[in-house]
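Chain by chain, the residues run as shown.
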Amino acid sequence: MNFPQFAFNNVKRNSRAYFAFFLSSAFMVMIFFSYSVFIYHPGVASIELGTNSAAGMKIASYIVFVFAFFFVLYSISAFLKLRNLEFGILMMLGARSGQINKLILIENMLIGLLSIVTGMSFGMLLSKLFLLLSTTIMGMDHLPFYWPVKPLLITSISFISLFLVISIFTLLFIRKHQVLDLLKGSVKPKKEPRVSWLLSLLGLLLLTAGALAIRKQLSPITLLVAAVTGIAGTYFFYSQLSVLGIRLLKLSRKRLWRGTNLLWISEMSYKIKDNARMLFLVTVVTSLACMASGFILSINQANVELYKNSPFAMEYSIYKPGKTPPDLEPIHNKLQNAKVEYTENKIELISASIQSLGKEATQSIDLISWSQFNQLTSKMDMSEVAPLSDKEAVLLLNPQVDSQNYTINQKILLKVQNDAELMLKEVRIPKNHPMGQYSSSLLIVDDSLYKNISSSAAKYTRSYVKYLYKIPAWDGPLPVDTSPETIITNELIQWSRDSNNTNNQYISILNARADDYLTTKQGTAMLSFIGIFIALIFSLSSASFLFFKLHTELNADKQMYNALSKIGLSVKEMSASATRQISVLFYIPIIVATIQTLVVIRPVLKQISITNVTVPVLITSGAFLAVQTIYFIIARSRYIQSLKKMMV
């Protein structure tokens, strides 16, 4: 038997241990290759949004590759630690360090090459489906299949280099150990976990600082502070706070001596301390995936609600209105040809600004007269405003734009030719602005005050006209690209853009709720598609991390349970104790990641006026929990089965 055959037999004999690592690596290669197939497709550049989609997938492929580096590095290190005894025996039999290094290099490259070949093979089989699925979800024209020579070369070179570099790097792990240390393997006696009260307090302070930082006004500095303190605090949570919590749990002797609690609680203090780095890594990865998925789901949900709560299908704003009335015939003709009933509501607005008394900051608003607003309330499903005096006003805030706080009876300064001091009789904050997400907040004033401001050519104001179109036939299902609402409004949007190029009498902008909805949906669809596969990689890799750690500790646990079975521990008690320990390792990262996601994502989305984040985060966490449960069942079954063989 030559040396390569010896290495091959080693891999073959340890196939069960290497299977999870091989599967995860092959899956990462497949995703990286699939992204490359899309990025380098010859037809991408000619498709609308193709370049942006390719750029997004290129960033995703970088993320996959960087994560693959750390995943492979961790996995190989875990397997090498498990084989300490084997390497020690080989060195006692006369194997030189160079031969051990050669053996490790051949084994790692063998697994790596098998992963690359398997991943690209499945990627080739699924490439047509991937192209079809990606273009469909992102709303692009379908891309035909092509022979991906460049993706094959890039994927092969990238991952061969990755496995080679990591294999060479991990050789240092063997060199720094003496033969005696290797022979002890993983059976060296464990020291009792120590906890530092100072580090525990530091971890608690870091987590608190991260939660407070994210609640401040968003900026690169606050995001950096929140990320650094949150990640550092998470590490101290596992390495210090969790062990401290178990130690406090052991203070209750009544609870500790009940059933097998003494066994699994005592073991958990060792396992959490030993696995602090792994649990920290799994939690960070899961948190990032949950945050990204929860963010996208929240935006999608807010986008749907915004469309459903928008009463007007279109709004046509005309700036610089002159004496000549605008040409609205194209709009009328389009709607009449489509045979839909509609109502056209013309309102006159004045762009101005308001300022809270005693404060310097000003806020842009639109002035509207009391009578005009009350004419629209029935169409906007809002209550009418009671009559106002010339010193009173009602403020209708746009929650998507404004973040300043206004209260009833608050005095404000209306910045016009002669500044007017007004008292807010009422402040309304609808869930969505009835005139569109990009509309300014409305300040409803008395008709006489509005007329005076309109006729006085104030230097701080600008008058414009807005036509609102209520179309009941379109207040139904969400629009798609082929919906009449989408087709007609897109044609009118293009007409509005063209008319500005040919008519200099006024500037016009036509906005449609269907266009806003589909634009946002298309943007999040690309992120969703990319994020799904990255989340799958994170989930599969996290489960692999846990499986590797269980496998490395299996020999020590076998000896412990074998000894306990001799003094009366039953198979049922062993199964219950081991199940509790495994479940803690599998489910604690999900629970911590869910809490972190809610803490982080809620204040971030609140600053862009998205408040309903609990349901999307719970849906995302539930999906991760379901997948993790499948991994847990598989890992527990194999783990318990191995331990049963050692029971007397």
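Basis of the calculations
- Residues numbered from 1 in each chain as written.
- Predicted model: local features only at pLDDT ≥ 70, side-chain atom pairs only at ≥ 80, totals over all residues.
- Heavy atoms only, no water.
- Buried < 20%, exposed > 50% of the residue type's maximum accessible area, 1.4 Å probe, protein only.
- Helix = DSSP H or I, 4+ residues; strand = E, 2+ residues; numbered from the N terminus.
- Pairing = 2+ DSSP bridges.
- Core = buried A, V, L, I, M, F, W, Y, C linked by side-chain atoms within 4.5 Å.
- Contact = heavy atoms within 4.5 Å.
- Axes fitted to C-alpha atoms, helices over the stretch in contact; angles between N-to-C directions.
- Parallel < 35°, antiparallel > 145°, perpendicular 65-115°, else oblique.
- Left-handed = near helix turned anticlockwise from the far one by under 90°.
- Nonpolar A, V, L, I, M, F, W, Y, C, P; charged D, E, K, R; others polar.
- pLDDT = per-residue confidence, 0-100.
- Polar contact = N/O pair within 3.5 Å; in protein donor to acceptor, adjacent residues only side chain to side chain.

Observations concerning unusual backbone geometry
Right, so step 1: Backbone geometry at Lys 339 places phi at a positive 60°, although glycine is not the residue there.
Right, so step 2: Classification of Lys 339 by relative accessible area gives exposed; the value is 77%.
Right, so step 3: Phi at Asn 409 takes a positive value of approximately 70°, unusual for a residue other than glycine.
Right, so step 4: If you trace the backbone, Asn 409 turns up in the loop between strand S4 (392-396) and strand S5 (411-415).

Focus on the pairing of strand S2 (residues 343-356)
Right, so step 1: Among the 14 residues of S2, 10 are classified as buried, and the element is accordingly described as predominantly covered.
Right, so step 2: Strand direction decides the pairing type here: S2 and strand S8 (residues 462-470), joined by 9 bridges, are antiparallel. Following the sheet pairing, Ile 350 is matched in S8 by Ser 463.
Right, so step 3: Judged from the 6 bridges that link them, S2 and strand S3 (residues 362-369) form a sheet pairing that is antiparallel. Paired with Ile 350 across the two strands is Leu 367, which belongs to S3.
Right, so step 4: Sheet analysis places S2 next to S5, joined by 4 bridges and oriented antiparallel. Bridging from a neighbouring strand, Ser 356 pairs with Ile 412 of S5.

Concerning the nonpolar core
Right, so step 1: Ranked by size, the top nonpolar core spans 83 residues in total, and within it Phe 21 and Tyr 35 carry the most contacts.
Right, so step 2: Among the elements that line this core, the one with the most residues is helix H17 (residues 513-566), at 15 residues.
Right, so step 3: Leaving out residues up to four positions away in the same chain, Tyr 35 has contacts with Met 57, Ala 60, Ser 61, Val 64, Phe 130, Phe 529, Ile 530, Phe 533 and Ile 534.
Right, so step 4: In terms of nonpolar packing, the next biggest core, distinct from the first, is built from 21 residues, Ile 350, Leu 414, Leu 422 and Ile 453 among them.

Concerning the packing of helix H12 (residues 276-308) against helix H19 (residues 614-644)
Helix-helix packing: each pair is described by the crossing angle between the helix axes and the interaxial distance.
Right, so step 1: The contact between H12 and H19 brings their axes to 8 Å, and the two run at 135°. If you check the angle between H12 and H19, you find them oblique. Crossing of H12 over H19 shows right-handed handedness. In contact with Thr 286, Ala 289, Cys 290, Ser 293, Gly 294, Leu 297, Ser 298 and Gln 301 of H12, H19 contributes Pro 616, Ile 619, Thr 620, Ser 621 and Phe 624.
Right, so step 2: Looking at side-chain class alone, the contact of H12 with H19 contains 6 nonpolar, 7 polar and no charged residues.

A short note on the confidence of the model for the chain
Right, so step 1: For the chain, per-residue confidence averages 77 on the pLDDT scale, and residues scoring 70 or more make up 80% of the total.
Right, so step 2: The least confident element of the chain is helix H7 (residues 179-184), whose mean pLDDT is 52; the most confident is helix H13 (residues 329-337), at 88.

Examining the side chain of Gln 410
Right, so step 1: With respect to the helices and strands, the residue Gln 410 is situated in the loop between S4 and S5.
Right, so step 2: For Gln 410, a relative accessible area of 16% puts it in the buried group.
Right, so step 3: A distance of 2.9 Å separates a polar atom in the side chain of Gln 410 from the backbone nitrogen of Thr 407.
Right, so step 4: With residues near it in sequence (within four places) discarded, Gln 410 still touches Ser 356, Asn 405, Leu 422, Met 423 and Leu 424.

Focus on the pairing of strand S6 (residues 420-428)
Right, so step 1: In the sheet, S4 pairs with S6 via 5 bridges, with the strands oriented parallel. Looking at the pairing, Val 394 lines up with Glu 426 of S6.
Right, so step 2: Pairing of S5 with S6 involves 4 bridges; the strand directions are antiparallel. Bridge pairing in S6 links Leu 414 to Ala 420.

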